[in-house]
Every structure is written in C-alpha cells, then in structure tokens.
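# Fold and contact review
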Amino acid sequence: MLRVHFTSEDLARVRVAPGPDFLWEITNSVQTLQRRDGERVFGAWRRWARPRLSGGRTLLAGLLPPRGYSPDFLTPTAGDRTTLQAALDVLMSTPHPRLRTDLTQLASSPRPPDWVRSLAAGDADALRGLGDALHTYQLEALAPYWPRVQAHIDADRAVRLYSLLDRGTEGLLDGLGPQFRWRPPVLEVAYPVEQQLRLEGRGLVLQPSFFCWPTPTTLADGALPPVLVYPIQHATDWAGPAPGTGAGQELGPLGPLMGHTRAGILRASLTGCSTVEAARLLRVTHPAVSQHVNVLRAAGLITTVRRAGRAFHVATAEGRALLVTEARAGLR
C-alpha cells in the first residue's frame, strides 16, 4: 500500500500532467513488455513490438525488471521534457551522486547487469549507450503508436476535468479508479510495497500513463518532486490494426466524411464531450450521436473512454489537425 499524505496546501497544488511523459512511457512499456499479464490490453502490441526491437532492449530490461525497484533517474521530474530529445538531455545530465544512489539500490537486487557499475560511476560511454538505447526503443516500439497514446491520455485528462468540476480536488483524487481510495487527508493507493509519501506542501503531479501496468507507481525517493503515475483506461482494440493499415486511413480530408452533425461532434470533442452533451448541443438523439461517433472513431479522429456509465469523446491529434485545417480554410 502507498499512502500519500496531503496538507490543505497540497490539495490546492494538485495538477494533472498536460500529456504523456516520454520517459515514463518508455520505462513503463519496457516493464510491461516483459510481463505476461494484461494480455487483453497489451497482447497485440507485445506481439507487434518484440520482433522489431534491437539489442538495446536487453540493456533496458536490465535496468527495468518487470517487478520491483527501478531507478528514479530514468524518469526525471525537473527540466524540459516536452520532446523526447529534451527529456533525454535532462536524463543525461543526471548528477553522479544520483546515479550512484539509484544504481546501488538496483544492484542489491538479484543478478544485476555487469555494466551497472560503469553507469553508477558516471562513465560517459555507458551513459551515452543508455541514451541511445532509450531513443532507439522509442522509435522502434512506441513512435508508431504515439498518436494513439496521446489521444488516450487526452481523453483521460478530459475525464479528470469533469471530476474536478463536479466534485473538486478531493473528487478528482477519489475518482482515479478502483486502485485509489481517498481517506482525508490520505490517498491510499494499491501498491506492491509499503511506502509513505508525505507531500508537505509540495503538491502532487498526477501523470496519466498509457503503459503503466498493473498498478500505479511513484518515485522511490520521497525527497524528489512528488509524482503519481496511474494507468489509464484503454480501448480494447487500441493496438490493432498495425499503424498505417487501419480502417479509415483511406477516408482522407473532410470530403464525404463530414456532415453537419459529425463536424459538430468533432468540434465539441476538441475539449471533450459526453454523448449526452453532444446530443443536447446538436439537438439530435443519443443513438444518432453514437452512430456518428462510430464513424469518427473508425477514421481515427476521436477516441472514447467510459467512466461510471458515461462515454466521453476527445479529438485525436488527427482530429485536431483536421479542425485546424478547416479553420484556416475558412470553412466554418
């Protein structure tokens, strides 16, 4: 059990991260790739990814076992992490004492990799090798699926916004999922080990993660800026068909795809909307909205998540780009 202790100041400083974090998705997916559970969600992606991966996968697996401790320095909390290269630059500048502390703890586990000692000593070649392995892994295993990762996390953020608007920060914390229980002033989180995280006025970043599985995770060192990474809900067919071959790829720009109602739903999904809200806004029936949503989702323009019996629809990167194109062309 992980227990996160809040003060009133911390409750005012809770925020949801603005999007997927490159390094958290890399580290979580490396661990998920080595597991066998979660077949319904990750099975198709695992079968697609494993044959594509080059030698760096072995190096990363040594640092990121499927269970147990993984080094905090692999997911830095400071600096610019808006692009993969920016995130890697932050990681590559990790101070030697942090490397030594984290990797000494990793080396206490059974069968540590032979090269961990060089990395712990701050060896420049070892650190460059790690950066190259992370970059290559992202390109091989995650980049083709990144728009889907982004879309799912955007959808999750929309759900969190509804929780915040309906019930405030405490409602946001209480609504994170069945693995969380809000017992003021403590958030109890299903966790493989006993850990206490005392925020002490520092606030908390909630980081939605596509590949976090099966439980939420946080940094081992409670002195680092607090972050709580939690699994999002997935569409069961997110990993298939393979990128670039999906149904709807041939639908192209607006053309016959867009009628008044579908365009209206896509615009409403820019900030996230439920089926009920879209029906009310466009003055159509709920079944009609669902029918149009199915077309937009098959075309890769929106994604849908469900919470407490409500379906929330959020525009994907492709859907947002289409709306930008429409606005620039003056079609509204």
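This text gives an overview of the structure that appears in the document. (Residues numbered from 1 in each chain as written. Predicted model: local features only at pLDDT ≥ 70, side-chain atom pairs only at ≥ 80, totals over all residues. Heavy atoms only, no water.)

### What to know about the overall build of the protein
Counting its secondary structure elements, the protein contains 13 helices and eleven strands. Here the protein holds 332 residues, and 48% of them are scored as buried. Contacts in the protein between residues far apart in sequence, at least 24 positions, make up 72% of those at least 6 positions apart. Summed over its atoms, the accessible surface of the protein is roughly 15800 Å², and 55% of this surface lies on carbon and sulfur atoms. (Helix = DSSP H or I, 4+ residues; strand = E, 2+ residues; numbered from the N terminus. Buried < 20%, exposed > 50% of the residue type's maximum accessible area, 1.4 Å probe, protein only. Contact = heavy atoms within 4.5 Å. Areas by Shrake-Rupley, 256 points an atom, 1.4 Å probe, with all protein chains shown as cover.)

### Things to note about helix 8 (residues 124-142)
For helix 8, with 19 residues, the first-to-last C-alpha span of 26 Å sits near the 27 Å given by 1.5 Å per residue. Residues of helix 8 that are buried include every one of Leu127, Leu130, Gly131, Ala133, Leu134, Tyr137, Gln138, Glu140, Ala141 and Leu142, and no others. Looking at the buried positions of helix 8, the neighbouring elements they touch are helix 2 (22-34), helix 3 (39-49), helix 4 (56-63), helix 5 (84-92), helix 7 (116-120) and helix 9 (146-174). Where helix 8 begins, one side-chain oxygen reaches toward the backbone nitrogen of Asp125, 3.2 Å away; that side chain belongs to Asp123. (Expected span 1.5 Å × (residues − 1). Polar contact = N/O pair within 3.5 Å; in protein donor to acceptor, adjacent residues only side chain to side chain.)

### Observations concerning the nonpolar core
Judged by nonpolar contacts, the single largest core of 59 residues is most densely connected at Val4, Phe6, Trp45, Leu130, Tyr137, Leu187 and Leu206. Tallying contributions element by element places helix 8 first for this core, with seven residues. If you look at the next biggest cluster of nonpolar residues, it comprises 16 residues, including Leu282, Val289, Val293 and Ala299. (Core = buried A, V, L, I, M, F, W, Y, C linked by side-chain atoms within 4.5 Å.)

### Points about the packing of aromatic side chains
Under the criterion given, the structure shown has seven aromatic pairs. Plain terms: the ring middles of Phe42 and Trp213 are 5.4 Å apart, the flat faces sit at 80° to each other, and that makes the pair edge-to-face. Here Phe42 is found in helix 3, whereas its partner Trp213 is found in the loop between strand 6 (204-209) and strand 7 (217-218), with 171 residues between them in sequence. Using a relative accessible area of 0% as the deciding quantity, one classes Phe42 as buried. Among the aromatic residues, those joined into a ring-pair cluster are Phe42, Trp45, Phe210, Phe211 and Trp213. (Phe/Tyr/Trp six-rings, centres within 6.5 Å; stacked < 30°, edge-to-face > 60°.)

### Section: the pairing of strand 8 (residues 227-231)
Taken across its five residues, strand 8 has five buried, putting it largely inside the fold. Across the two faces of strand 8 the burial is the same, with Val227, Val229 and Pro231 and Leu228 and Tyr230 all buried. Sheet analysis places strand 7 next to strand 8, joined by two bridges and oriented antiparallel. Across the sheet, Thr217 pairs through a bridge with Val229, a residue of strand 8. (Pairing = 2+ DSSP bridges.)

### Notes on the pattern of salt bridges
One pass over the full model with this rule turns up twelve salt bridges. Among the ionic pairs, Glu39 bridges to Arg47, the shortest N-O distance being 2.5 Å. A residue is classified by how much of its surface remains accessible, and Glu39, at 41% relative accessible area, is partly exposed. Several salt bridges converge on common partners, so that one network encompasses Arg98, Asp102 and Asp221. (Salt bridge = Lys/Arg side-chain N within 4 Å of Asp/Glu carboxyl O.)

### As for the sheet that holds strand 8
With mixed pairing, the four strands of this open sheet are ordered in space as 2-6-8-7. For this open sheet the edge positions go to strand 2 (14-16) and strand 7, each flanked by a neighbour on one side alone. Taken strand by strand, helix 2 contacts strand 6, strand 7 and strand 8, and its axis lies near 55° from that of strand 6. The sheet contacts of helix 9 involve strand 2, strand 6 and strand 8, and relative to strand 2 the element is tilted by about 160°. (Axes fitted to C-alpha atoms, helices over the stretch in contact; angles between N-to-C directions.)

### Points about the pairing of strand 4 (residues 186-189)
Here strand 4 shows no split at all, with Val186 and Glu188 on one side and Leu187 and Val189 on the other all buried. Relative to strand 4, strand 1 (residues 2-5) runs antiparallel, the two sharing four bridges. For His5, the partnering residue across the bridge sits in strand 4 and is Val186. Note: strand 3 (residues 180-183) against strand 4, four bridges, orientation antiparallel. Bridge pairing in strand 4 places Trp182 opposite Leu187. Counted between consecutive antiparallel strands, the loop separating strand 3 from strand 4 contains two residues.

Taken by themselves, the reported measurements are silent on function.
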